[in-house]
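Survey of secondary and tertiary structure
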Amino acid sequence: MQNSVPVSDDLHHQPATKRAPRSRKAAGRALVLLASLGFLLVVFIQVLHTTGTISAGFSDWRPILIAYLVWAVAFGVGQVLTRGERGQRALFLLPAVFFTVAVVIFPTIFGIYIASLDWNLSSIEGPRFSGFDNLKGMLNDTYYWNALGNMVFYTVAVLGEYAIAFGLALLLSAEIRARKFFRVVFLLPMMLSPVAVSWMIGKSLLEYRFGPAATLARYLGWDNPAFFASPWMARLSIQAMDAWVSIPFIMIILLAGLQAMPKEVQEAAKVDGANGWQSFWHVTFPIMLPVSITVLIIRIIFKLKLADIVINVTAGGPGGATDTVSSFIYRVYRDRSNVGYGTALAMVYLLLIIVLLTLMLRLSKRWTQKVE
C-alpha cells in the first residue's frame, strides 16, 4: 500500500499580498487629494499673479518647485498608505514618474503658458497676457505656412533616402571585393556634424563663383550654376546635403537587418526558381519591413528637426523658400526676439508631430500585419 503524501496548499497558492486596512486607505487618499489640490492652488494663484489678474502671489516660480516636491512626497506616502505592499513596490517607479513630470509635462504646460503671452524681448513692457493672439497671427503668417509646406517636401524625400540606403545596404551585404573598405567609406558622412557639412559643401563646394561644383557645371555648359538662387534648386540642394549626411545612418540599420536575416530563406527562394528581383520583393523586403519601418520613423523624427543646414547655408532664403519650421521658429526668436509667438509656433508644431507619429505608428502596424 502506497502512502499518499499530502500536498500542501502553500505549493499551489502564492502568498497573499498584505492589503492596507480601510482607515489607512482613506488616510492615503485624503493625503493625495489634499496635496494635489494644494499644488494646483499654488500654480493657479501664481498664474493669476503673473498675468496681473490678482496682486497676491510669488515674486518668482521657486515656490512652485517646492510645492511640486511636497506633492511628490505626499503622493508617495499616499501610495504606500492606500496600496499597502503594492504601494511600496510602486515607489520604485515614482522617480521615473516624477522625472517625466519635471522634464516633459511641466515644460509643456509652461510652454503653453508662454505661448499665451505677448512677450517681445525688445519691448520694455515685458510679457503681457494676450490669449490666442499668437495663434491668430500664426494663421495669417504666410512664412510659417511656407515652412510647413517645405517640411512636407523634406519629409517625403525620406523615401528617396530610404531607397538609396537600401540599395547600398544590399550592395554591402553581398560578397564583393573590398566590402569592409566600402562600408567605412559610406559611413564617413555620418561622422560629420551638419554644421561642418553646411560649410564644407554649402559654403565652399557649391559656392557659385569659385566652388568646384560650380566650375564643373560651367565647364559642362551651365551658364549660371547658382545652387541656392532659385527656390526649387535651393530646396533640392538643401535636401541633397541633408541626405548625404543621413543616408549612412539608414544604410547601417538596414545592413544590420540584412546580416541578421536567415540565409536559408533566400536559398529556398533560389531553389524555387526566383530571380533577383522576385527574391527581393517577395522575400527580403517583407522580412525587412519591421526594420524599415523603425528606421523610417526614426529618420522622419530627425528630419522634422532639420534646421542647422538651412540656417548656416541659406538662412531660409531665397525668400523663405528653404525654410523649415524649426529654422523659421529659430529666426522668430533670434530676429524678432518674439518669445511668445515663437513658443506658440513651437507648441503647434509639437502637436502636429505627435499626431503625425501616432498615425504613422498605427498605419505601420496595420501594414506589417497585412504583409505577415
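This text follows the structure it describes.
Just so it is clear, the model here is predicted, and its values are computed rather than measured.

Before going further, it helps to spend a moment on the overall build of the protein. Along the backbone of the protein there are 15 helices and two strands. Its C-alpha atoms give the protein a radius of gyration of 29 Å, more than 25% over the compact-globule value 21 Å for 372 residues. If one aligns the C-alpha atoms of the protein with their principal axes, the spans along those axes are about 95 × 90 × 35 Å. Within the protein, buried positions represent 36% of all 372 residues. Sequence-distant contacts, at least 24 apart, represent 67% of the contacts inside the protein between residues at least 6 apart. Taken together, the 32 basic and 20 acidic charged side chains of the protein have centroids lying 6 Å from each other.

Before going further, it helps to spend a moment on the pattern of salt bridges. Summed over the entire model, instances satisfying the criterion amount to 10 salt bridges. Notably, a salt bridge pairs R128 with D118, separated by 2.9 Å at the nearest N-O pair. Separated by 10 residues along the polypeptide, R128 in strand β2 (residues 128–129) and D118 in strand β1 (residues 117–118) bring together distant segments of the chain. Taking relative accessible area as the criterion, R128 reaches 40% and is therefore assigned partly exposed. For D242, the salt bridge goes to K303, with nearest N and O atoms at 2.4 Å. Taken together, the residues D242 in helix α10 (residues 231–260) and K303 in helix α12 (residues 276–303) connect sequence positions 61 residues apart. The same class applies to D242 and to K303, which are both buried. Several salt bridges converge on common partners, so that one network encompasses E161, D242, R299 and K303.

Our next topic: a positive patch on the surface. A surface patch of positive charge is lined by R29, R83, R86 and R89. Mapped onto the secondary structure, R89 falls in helix α3 (residues 85–90). The class of R89 is partly exposed, set by a relative accessible area of 48%.

As a further point, take the nonpolar core. Of all hydrophobic cores here, the largest spans 57 residues; its most connected members are Y144 and L254. Contributions of two or more residues to this core are made by α6 (142–173), α8 (194–205), α10, α12, α13 (308–313), α14 (325–336) and α15 (339–371). Counting residues per element, this core draws most heavily on α6, which supplies 12 residues. When sequence neighbours within four positions are dropped, the list of residues in contact with L254 reads Y162, A165, F166, A169, M288, V291, S292 and V295. Formed by 11 residues, the second largest nonpolar core is a distinct cluster that contains I64, W71, A74 and V101.

This part covers the packing of aromatic side chains. All told, the structure shown has 21 aromatic pairs when counted by the stated rule. Aromatic rings pair up to connect Y162, F166, W277, F280, W281 and F285 into one cluster. Lying over the aromatic face of W199, K203 brings its terminal NZ or CZ to 5.7 Å of the ring centre.

On to α8. What α8 keeps buried is the set V197, S198, I201 and G202. Buried residues in α8, looked at end-on, bunch into an arc of 110°, giving them a common side. On its buried face, α8 is in contact with α10 and α13.

Moving on: the environment of T324. Structurally, T324 is set in the loop between α13 and α14. In this structure T324 comes out as buried when scored by relative accessible area, which is 0%. Expressed as a C-alpha distance, the spacing of T324 and A30, which sit 294 residues apart in the sequence, is 49 Å.

Relative to the helices and strands, T322 resides in the loop between α13 and α14. Sequence-distant contacts of T322, that is, excluding residues within four places in its chain, are made with N150, Y154, A234, R235, I238, V310, T314, G316 and G317.

With an omega dihedral of 0°, the bond running from G317 to P318 counts as a cis peptide bond. Residue position: P318 is located in the loop between α13 and α14. Positive phi, close to 55°, is recorded for A178, a residue that is not glycine. When you line up the elements, A178 lands in the loop between α6 and α7 (179–187). Taking the relative accessible area as the measure of exposure, A178 reaches 45% and is therefore partly exposed. Positioned with a positive phi, S337 is a non-glycine residue whose angle comes to about 55°.

Attention shifts here to the side chain of D141. Take D141: it is sitting in the loop between α5 (133–139) and α6. The buried category is assigned to D141, whose relative accessible area is 9%. Only 3.1 Å separates the side chain of D141 from the backbone nitrogen of Y143, close enough to count as a polar contact. Here D141 is in contact with F328, R336 and Y341, once residues within four sequence places are set aside.

Thresholds, definitions, all that
- Along each chain, residue indices are assigned from 1 in the same order as the chain's sequence is written.
- This being a predicted model, a pLDDT of at least 70 is required before a residue's local features are given, and a value of 80 or more before pairs of side-chain atoms are given or counted; all residues contribute to the totals for chains, interfaces and linings.
- The side-chain values count all of the structure's non-hydrogen atoms but skip hydrogen atoms and water molecules.
- Only runs of H or I of at least four residues qualify as helices and only runs of E of at least two qualify as strands under DSSP, and these elements are numbered from the N terminus.
- Only C-alpha atoms enter the radius of gyration, while the globule expectation follows 2.2 Å times N to the 0.38, with N the number of residues.
- Summary of the burial criterion: residues with accessible area below 20% of their type's maximum are buried, those above 50% are exposed, and those between are partly exposed, where the area comes from a 1.4 Å probe applied to protein chains only.
- By definition in these notes, contact holds between two residues if any of their heavy atoms fall within 4.5 Å.
- Lys and Arg are tallied as positive, Asp and Glu as negative. Neither His nor the chain termini are counted.
- The location of each charge is read from NZ of Lys, CZ of Arg, CG of Asp or CD of Glu.
- Salt bridge, as applied in this entry: a Lys or Arg side-chain nitrogen positioned within 4 Å of an Asp or Glu carboxyl oxygen.
- Distance thresholds for patches are 9 Å for like charges and 5 Å for nonpolar side chains (Val, Leu, Ile, Met, Phe, Trp, Tyr), applied to residues having over 30% relative accessible area and no salt bridge.
- Accessible surface area values rest on a Shrake-Rupley calculation with a 1.4 Å probe, where residue burial reflects the displayed protein chains alone.
- In this description, a nonpolar core means a group of buried Ala, Val, Leu, Ile, Met, Phe, Trp, Tyr and Cys residues linked to one another through side-chain atoms lying within 4.5 Å.
- Two rings belonging to Phe, Tyr or Trp (six-membered ring only in the last case) form a pair when the distance between their centres is within 6.5 Å. Interplanar angles under 30 degrees mark stacking, angles over 60 mark edge-to-face geometry, and anything in between is tilted.
- Here, over-ring charges are defined by two tests on the NZ atom of lysine or the CZ atom of arginine: distance to the ring centre within 6 Å, and angle to the ring normal within 35 degrees.
- By construction, the arc corresponds to the directions joining the helix axis to the C-beta atoms.
- Two N or O atoms form a polar contact when they lie within 3.5 Å of each other; inside protein one atom must be a possible hydrogen donor and the other a possible acceptor, and for residues adjacent in sequence the pair counts only when both atoms belong to side chains.

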